[in-house]
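# Fold and geometry: a report
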Amino acid sequence: MTVEQTRYVIIGASAACMSAATAIRESDSCGDITVLSMEQEMPYFRPMIPFLISGKKSEPEMSLIGNGPFKEPKIQIRTGTRVTSVDTDNKTVTVGNSDSISYDRLLIASGSNPFIPAEIKKMSAEGVYSLRTLGDAKKIAARSSKTRRAIMLGGGLLNLKTAFALLERGLKVSLVVYSGQVLSQLMEPDDAKLIHKALDRAGLEIITGCDIKKILTDKDGVKGVVLSNEKKVEGEMLLIGKGVSPNVGFLDKSNVSIDRGIVTDEYTAANIKDVYAAGDVALTIDSLTGKKNISGLWTNAVEMGRCAGFNMAGKQTRYCGVAGILNATQVADISFVSMGIVHTKGAGYETHIAETQKAFRKLVFSSDGKRLVGAVFIGDIERAGLYRYLILEKRNIEKIKKQIINHQLHYGHFLQ
Amino acid sequence: MTTPKEIFVKIDKCMGCHSCELACALEHSKSKLLYNAISEHPEPKKRIYVEWMSQDSRMPVLCRHCEDAPCMHACISGAISRTEEGVVLTDKDKCIGCWTCVMVCPYGVIGRHMEERKAYRCDRCPDRDVPACVSACPTHALIYETVENFSSNTRKAASKELAAGHGG
């Protein structure tokens, strides 16, 4: 007797893909899983790539398969394989010029590409990079060894982590931020004061309120930039960190519905039968704001990929969507988390702020004061998970509000 | 295969003496001797927390080693995995101190070791037959048992009470 094997094809090989593959394997032991990755390397933990630049981790230490929740799920991974089109009528995927692969269920987890402003694209020169892949990290690490000063554009989390990697290598780093603060997507200007101080202590030069007007070059590539305020900054490397955009170009001729990213329903399915999407390429609904959202977070991609995997293997699993902002990290010598709704200026939220020399806490409640909707903790992030739980579960917190505000909340309060 | 044991908490038996916290920190110290441990640097860290629920009720809170552990799925460096015994462990060498696990743990029981910049939590005392906190608890508020035995014992105790109540 032969068993009909389901053919699963996954485009992409990062968080969403690998958790989907693991989930499929948990529910379907014999299906055929093929992963198509345009990157040259086997799957790796993408958030760790700044550590390759600093030299703190080597490539094998970032390998994904066999680590954490990612088991060896007996799948076929084709690296260096670029998907050029998807034909949903005939259920095939074309790779390269002509090679066609048939699927029964398709997951598009093609991730995102760095967004490079058009005026910078025009000026591109040797030594201008954006950090997205392990391949990029290798190039940046190689260039770093002959660079004394680096210039970075953009004040997001990845850029800050990369800035620290370069500082650790002994480079001088200037960070150019268009807005008045770093991490503007994760907190408001007044909230970021402690972070700015920590960055100063660490020796990072931050230039706010500026853009890059011109890239200066010589025979070795970049040698500096001219800012929008006409000031010159010297540097032999320029890193662009202006966010990402979903990688959907190869779907141009397909019938897959796209609104910036691939439109997905609550079961992670696209508009066409047997096609699913997860991770940075998928458009979902932010569970807190109710707005359309493309997440771009590793943890969200893992969760959505896992849902997609179960759905593809026939185990119906609802994806609840998560908040667009759910970040934790260590910046220089300070820890912080930012969760849920944190931009409150001008909106009708009830906010409570407590500040000391070393710590900052901001709690955001709904206008009726009955639900916690967001939190920013800097310095002391102890038990942040309890607050995250309250935010995502939209629990009525009236009975424990005092403990929340006074930073006394513990798990026992949930049992009362 | 034998079913692995877990640490259960009997909330009604905890009297808030903090013995479990001390035993935990001691077990995770370098010397494992109380006199030496208190002067160690970095200070030994406890992974169990006795919390006050109300005026007359306390409870120890510790890692539940969740079946679908949010920390394990959220970890961005693959440092958290589950052993065959069902223990969710953080591999110190792999941990990069990003605190994502701290942010997603719904029990609030993952600590930050700031000297090492590593996350830490209950490891169920791999060098001991019975975890230190369980051995130290004077009122048996902490029980180390398999799920089957624990619920069977709970059922037996409940039926005894019922029978006693009916004069049986």
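Residues numbered from 1 in each chain as written. Chains lettered and ligands numbered in written order. Predicted model: local features only at pLDDT ≥ 70, side-chain atom pairs only at ≥ 80, totals over all residues. Heavy atoms only, no water.

### Comments concerning the overall build of chain B
Convention followed: Helix and strand assignments follow DSSP, with helices taken as H or I runs no shorter than four residues and strands as E runs no shorter than two, numbered in order from the N terminus. Contacts are assigned to residue pairs with any non-hydrogen atoms lying within 4.5 Å of each other. Note that accessible areas follow from Shrake-Rupley with a 1.4 Å probe, and for residues the cover is restricted to the protein chains shown.
Per the secondary structure count, chain B includes six helices and eight strands. Reading chain B from its N end, one meets helices and strands in the order β-α-α-β-β-α-β-β-α-β-β-α-β-α. Relative to all contacts within chain B whose residues are 6 or more apart in sequence, the contacts with residues 24 or more apart total 54%. Working note: accessible area of chain B is about 9000 Å², and carbon and sulfur atoms make up 54% of it.

### Some words on unusual backbone geometry
Let me state the cut-off plainly: For every residue, the accessible area obtained with a 1.4 Å probe (protein chains only) is divided by the maximum for its type, and the residue is called buried under 20%, exposed over 50%, and partly exposed between those limits.
Between B:H41 and the following residue, B:P42, the backbone shows a cis peptide bond with an omega angle of -5 degrees. Checked against the element boundaries, B:P42 lands in the loop between α2 (34–37) and β2 (48–54). Here the phi dihedral of A:E230 falls at roughly 75 degrees; this positive angle occurs in a residue that is not glycine. Even without glycine at this site, B:H18 takes up a positive phi of about 70 degrees. Tracing the backbone shows B:H18 in the loop between β1 (6–9) and α1 (19–27). For B:H18, a relative accessible area of 31% puts it in the partly exposed group.

### A short note on the interface of chain B and chain A
This is how the line gets drawn: The buried area of a pairing is the accessible area, by a 1.4 Å probe, that goes missing from both parts when the two are put together, added over both. Salt-bridge detection follows one rule: a side-chain nitrogen of Lys or Arg within 4 Å of a carboxyl oxygen of Asp or Glu. Counting of polar contacts relies on pairs of N or O atoms within 3.5 Å, with two restrictions inside protein: one atom must be capable of donating a hydrogen and the other of accepting it, and residues adjacent in sequence are counted only when both atoms are side-chain atoms. For this classification, the nonpolar set comprises Ala, Val, Leu, Ile, Met, Phe, Trp, Tyr, Cys and Pro, the charged set comprises Asp, Glu, Lys and Arg, and every other residue, Gly included, is treated as polar.
Listed as interface residues are 34 residues of chain B and, on the opposing side, 40 residues of chain A. Buried area between chain B and chain A, summed over both chains or domains, comes out near 2900 Å², and the portion from carbon and sulfur atoms is 59%. Looking only at chain B, the three residues that lose the most surface to chain A are B:H73, B:I76 and B:M103, adding up to 23% of its buried area. Counting across the chain B and chain A interface gives four salt bridges. The salt bridge partner of A:R306 is B:D68, with a shortest N-O separation of 3.6 Å. Counting across the interface, chain B meets chain A through twelve residue pairs in polar contact (both at pLDDT 80 or more). Listed by contribution, the elements that provide at least two residues to the side of chain B that touches chain A are β2, β3 (57–62), α3 (70–74), β4 (80–82) and α4 (100–104) of chain B. Its residues placed into classes, the side of chain B that touches chain A shows 20 nonpolar, eight polar and six charged.

### Points about the domain arrangement of chain A
It is common to report an interface's size as the accessible area lost on association of the parts. Residues and elements named next belong to chain A. Selection rule: Those domain boundaries reflect an automatic or database domain assignment.
Domain assignment breaks chain A into domain 1 (7–113 + 245–312), domain 2 (116–242) and domain 3 (333–415). Listed per partner, the contact involves 14 residues of domain 2 and 16 residues of domain 3. Where domain 2 abuts domain 3, roughly 1300 Å² becomes buried across the two surfaces, and 58% of that area is made up of carbon and sulfur atoms. If you sort the residues of domain 2 by the area they bury against domain 3, E188, D191 and L194 come out on top, with a joint share of 47%. Linking K362 and D191 is a salt bridge whose minimum nitrogen-to-oxygen distance equals 3.0 Å. If you look at where domain 2 meets domain 3, you find seven residue pairs in polar contact (both at pLDDT 80 or more). No other element matches helix α6 (residues 193–201), which puts five residues into the side of domain 2 that touches domain 3. Among the residues making up the side of domain 2 that touches domain 3, the classes are represented as seven nonpolar, two polar and five charged.

### Notes on the sheet that holds strand β1 (residues 7–11) of chain A
All names here are of chain A. What counts is decided by this rule: Only when DSSP finds a minimum of two bridges between them are two strands counted as paired. To get an axis, a line is fitted to the C-alpha atoms, and for a helix only the part in contact is used. The angle between two axes follows their N-to-C directions and goes from 0 to 180 degrees.
One open sheet holds the five strands; their spatial order is β3-β2-β1-β7-β20, and the pairing between them is parallel. With one partner strand each, in any of the chains shown, β3 (76–78) and β20 (275–277) form the two edges of the open sheet. Here the average twist between neighbouring strands, direction ignored, is 20 degrees. Of the pairings in the sheet, the one linking strand β2 (residues 32–36) to β3 comprises three bridges and is parallel in character. If you follow V35 over to β3, its bridge partner there is I77. Against the sheet, helix α1 (residues 15–27) engages β1, β2 and β7 (105–108), with an angle of about 165 degrees to β1. Contacts between helix α7 (residues 298–312) and the sheet are confined to β1, β7 and β20, with β7 contributing the most and set at about 170 degrees to the helix.

### Here we look at the sheet that holds strand β9 (residues 128–129) of chain A
All names here are of chain A. One open sheet accounts for five strands, arranged β9-β16-β10-β11-β12; its pairing is parallel. Each edge of the sheet is formed by a strand with only one pairing partner; in this case those strands are β9 and β12 (205–208). Bridge analysis of strand β11 (residues 172–177) against β12 gives four bridges, and the strand direction is parallel. When the sheet's bridge partners are listed, L175 is paired in β12 with I206. Each of β9 and β16 (237–240) is contacted by helix α4 (residues 134–144), which is oriented at about 155 degrees to β16, the strand it contacts most.

### A look at α7(A)
For the record, the criterion: To estimate the expected span of a helix, count its residues, drop one, and scale the result by 1.5 Å.
In this model, α7(A) (15 residues) spans 21 Å end to end at C-alpha, consistent with the 21 Å of a helix rising 1.5 Å per residue. Backbone geometry just downstream of α7(A) places A:G314 in the positive-phi region, at approximately 90 degrees.

### Notes on the pattern of salt bridges
It is possible for side chains of opposite charge to pair when their charged atoms get near one another. Residue and element names in this part refer to chain A. Considering all chains together, one arrives at 34 salt bridges over all chains under this definition. Between E59 and K138 there is a salt bridge, with the nearest N and O atoms lying 3.2 Å from each other. With E59 in the loop between α2 (49–54) and β3 and K138 in helix α4, the pair connects residues that are 79 residues apart, well separated along the chain. In this structure, R143 and E126 form a salt bridge, with 3.7 Å as the shortest nitrogen-oxygen distance. Residue R143 is found in helix α4, and its partner E126 is found in the loop between α3 (118–123) and β9; the two are separated by 17 residues along the sequence. Each of the salt bridges in this network shares a partner with another, and the network as a whole consists of K91, R105, K273 and D274.

### Description of the packing of aromatic side chains
Condition: Centre distance within 6.5 Å is the pairing criterion for rings of Phe, Tyr and Trp, where only the six-membered ring of Trp is used; planes under 30 degrees apart are then read as stacked, over 60 as edge-to-face, and the remainder as tilted. For a ring to carry a charge above it, either NZ of a lysine or CZ of an arginine must fall within 6 Å of the ring centroid while also lying within 35 degrees of the normal to the ring plane.
Per the counting criterion, the structure on display carries seven aromatic pairs over all chains. These aromatic residues form a ring-pair network of at least three members: A:Y389, A:Y411, A:F414 and B:Y107. Across the ring face of A:F310, the terminal group of A:K315 is positioned such that the distance to the ring centre comes to 4.2 Å. In this structure, A:K401 is placed above the aromatic ring of A:F365, and the distance from its NZ or CZ to the ring centre is 4.7 Å.

### Quick notes on the state of the cysteines
Residue and element names in this part refer to chain B. In plain terms, the rule: We call a pair of cysteine sulfur atoms a disulfide when they lie within 2.5 Å.
Applying the stated criterion across every chain, the model contains zero disulfides over all chains. Summary of cysteine pairing: C20 is not part of a disulfide, and the nearest cysteine sulfur, belonging to C17, is at 6.4 Å. According to the relative accessible area criterion, C20 is buried, its value standing at 7%. C66 carries a free sulfur, and the closest cysteine sulfur to it, the one in C63, is 6.3 Å from it.

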